[in-house]
Amino acid sequence: MRKTRADRLWLPLSLAGALMIALGALRGEVAVVLNKAVRICLECIGIG
Amino acid sequence: MAKERKRIFVRGRLLIQLFVAALSNSYITGFAAGKIYQGDLKQLCHPGLNCYSCPGALLSCPIGALQAVIGSRAFNLSLYVFGFLLLVGATLGRMVCGFLCPFGMIQELLHKIPFPKKLRTFRGDRPLRGMKYLMLFVLVVLLPLILTNPAGEASPYFCKLVCPAGALEGAVPLVLFQPASAGAQVSGGGLGLTIPIAPTVDLIDPASASQYNVGTLFYWKMSLLAAVILLSVVLYRPFCKYLCPLGAVYGALNPVSLYRLRLDKAACIQCGACKRACGMALDPIHELNHAECVRCGDCVNVCPVDALSMGFGNKKAGRKEKAPQGGKQA
């Protein structure tokens with residue numbers, strides 16, 4: 001089965017994703033995610 | 001032998017779905033005490049749609065997390081969550097929807113309920129599926145970016161206005177499992193409805209604490225949830241098809257993802273069995289790895305000649321059995 005360019009695209013996209021995760025973590029986004037996730041988000045569940 | 005293998009695959013998928021749903025919502029204390037998990041695991045995102053306000057949830061919902069970061073004062077773009085979605089989408093595509101999403105599993109189980117007339121597709125079905133891209137762009141990205149309060153923070157608009165997973169996994173268990181003596185009472189206005197919602201105020205997101213009440217929003221979300229539940233009995237995965245922004249992200253990456261459907265064109269006898277079996281109303285032969293394919297594997301299971309297979313990369317599908325007599329359509 002011949003590989004097309006699209007078949008190989010997953011690799012650079014995955015690497016870009018991993019890089020973005022690292023950059024996001026470095027600039028402190030993880031704390032924002034955690035801060036939101038450890039509190040009951042009343043808006044999210046429809047009581048806010 | 002091949003049939004037995006396929007049956008194991010079908011049962012195996014449900015077991016994987018149940019296992020993932022149970023594992024990612026395994027904070028039992030939360031259900032017992034009406035609290036949510038507050039540990040460090042919540043820094044990580046779940047690949048599927050799983051509300052982080054579910055009492056049992058150990059991980060964050062990626063869509064909720066995305067809105068939280070975009071809607072925060074400090075950031076306008078979330079490299080962390082977009083990167084996570086890109087990584088997961090590029091490797092697994094919508095296999096996440098078929099195997100790892102708890103809300104997808106709930107809809108599938110609902111669809112197993114017998115109903116006289118199940119709808120496979122209808123007029124306008126395909127255009128309506130574009131709504132999930134609109135959800136992603138408008139409610140998840142655009143509104144949290146531009147519609148902020150004076151402090152520069154925005155609501156999670158998709159969660160607030162649409163997400164039935166939050167209503168089912170968050171609101172319902174919190175209301176059901178909250179001991180009345182421990183929680184703050186929320187009055188239902190003129191209806192006299194009183195619902196205990198949370199054990200302590202410090203658990204509640206301060207951004208929304210000042211305005212909590214059971215009102216129009218709550219009834220709107222419960223109505224949406226009821227509609228999704230009822231529609232799921234008739235239609236296969238209606239929320240995934242029309243509304244899920246996570247499905248939109250993974251769908252866009254589906255054609256290029258590492259985990260993919262594979263077709264052995266030489267083996268295919270064009271019998272149409274895969275098309276008839278597809279719950280997402282696709283034709284796998286002509287729409288292989290389409291954005292709407294949730295990789296459930298139903299097409300793989302019904303293929304009489306094993307022309308279709310599913311896995312990582314582009315390995316050739318194995319030819320296991322000869323075509324059944326009369327299997328080819330005119």
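What you are looking at is a predicted structure, and each value in this text was computed from that prediction instead of being measured.

A.B. asks: Quick question: what am I supposed to make of the packing of helix H3 (residues 29-37) of chain A against helix H3 (residues 62-70) of chain B here?
C.D. replies: A pair of packed helices is captured by two measures, namely the crossing angle of their axes and the spacing between those axes. The interhelical angle for the contact between H3 of chain A and H3 of chain B, taken along N-to-C directions, is 115°, at an axis separation of 9 Å. Viewed along their axes, H3 of chain A and H3 of chain B form a crossing whose handedness is right-handed. In this structure, H3 of chain A contributes Glu29, Val32, Val33 and Lys36 of chain A to the contact, and H3 of chain B contributes Ala65, Ala68 and Val69 of chain B. Here the contact of H3 of chain A with H3 of chain B is built from residues that sort into five nonpolar, no polar and two charged.

A.B. asks: What exactly am I supposed to notice about the pairing of strand S4 (residues 308-312) of chain B here?
C.D. replies: Looking along a regular strand, one sees the side chains alternate between the two faces of the sheet. Residues and elements named next belong to chain B. Counting buried residues in S4 gives four out of five residues, a clear majority hidden from the surface. Summarising the sheet, strand S3 (residues 259-263) and S4 pair through five bridges and their orientation is antiparallel. Following the sheet pairing, Arg262 is matched in S4 by Ser309.

A.B. asks: Is there a simple way to explain the interface of chain B and chain A in this structure?
C.D. replies: In many analyses, interface size is given as the accessible surface area lost on bringing the parts together. Taken together, the contact pairs 62 residues of chain B with 35 residues of chain A. Summed over both partners, the interface of chain B with chain A buries about 4,400 Å², with 71% contributed by carbon and sulfur atoms. At the surface where chain B touches chain A, the tally comes to zero salt bridges. Counting across the chain B and chain A interface gives seven residue pairs in polar contact (both at pLDDT 80 or more). Here the residues of the side of chain B that touches chain A are counted per class, giving 36 nonpolar, 18 polar and eight charged.

A.B. asks: Would you mind going over H3 of chain B with me for this structure?
C.D. replies: Residues that lie three or four places apart on an α-helix share one face, since the helix turns once every 3.6 residues. The element H3 of chain B is largely enclosed, with a buried count of nine among its nine residues. Of the surrounding secondary structure, the elements contacted by the buried residues of H3 of chain B are H3 of chain A together with helix H4 (79-92), helix H8 (131-146), helix H9 (157-161) and helix H14 (245-253) of chain B.

A.B. asks: I would appreciate a short explanation of the pairing of S3 of chain B in the present structure.
C.D. replies: Burial analysis of S3 of chain B places five of its five residues in the buried class, the great majority of the element. Residues Tyr259, Leu261 and Leu263 of chain B point to one face of S3 of chain B and Arg260 and Arg262 of chain B to the other, with burial holding for every one of them.

A.B. asks: Honestly, the side chain of Asn50 of chain B in this entry has me stumped. Any pointers?
C.D. replies: Residue and element names in this part refer to chain B. Here Asn50 lies in the loop between helix H2 (28-33) and H3. In this structure Asn50 comes out as buried when scored by relative accessible area, which is 0%. Apart from residues lying up to four places away in sequence, Asn50 is in contact with Ser24, Asn25, Ala57, Ser60, Cys61, Pro102 and Glu169.

A.B. asks: Looking at this model, I keep getting lost on H8 of chain B. Mind explaining?
C.D. replies: Taken together, the buried positions of H8 of chain B are occupied by Lys132, Met135, Leu136, Leu139, Val140, Leu143 and Pro144 of chain B. On its buried face, H8 of chain B sits against H3, H9, helix H13 (238-242) and H14 of chain B.

What counts as what
Residues numbered from 1 in each chain as written. Chains lettered and ligands numbered in written order. Predicted model: local features only at pLDDT ≥ 70, side-chain atom pairs only at ≥ 80, totals over all residues. Heavy atoms only, no water. Axes fitted to C-alpha atoms, helices over the stretch in contact; angles between N-to-C directions. Helix = DSSP H or I, 4+ residues; strand = E, 2+ residues; numbered from the N terminus. Left-handed = near helix turned anticlockwise from the far one by under 90°. Contact = heavy atoms within 4.5 Å. Nonpolar A, V, L, I, M, F, W, Y, C, P; charged D, E, K, R; others polar. Buried < 20%, exposed > 50% of the residue type's maximum accessible area, 1.4 Å probe, protein only. Pairing = 2+ DSSP bridges. Buried area = accessible area lost by both parts, 1.4 Å probe. Salt bridge = Lys/Arg side-chain N within 4 Å of Asp/Glu carboxyl O. Polar contact = N/O pair within 3.5 Å; in protein donor to acceptor, adjacent residues only side chain to side chain.

Honestly, that's just the spatial picture; any functional story needs more than this.
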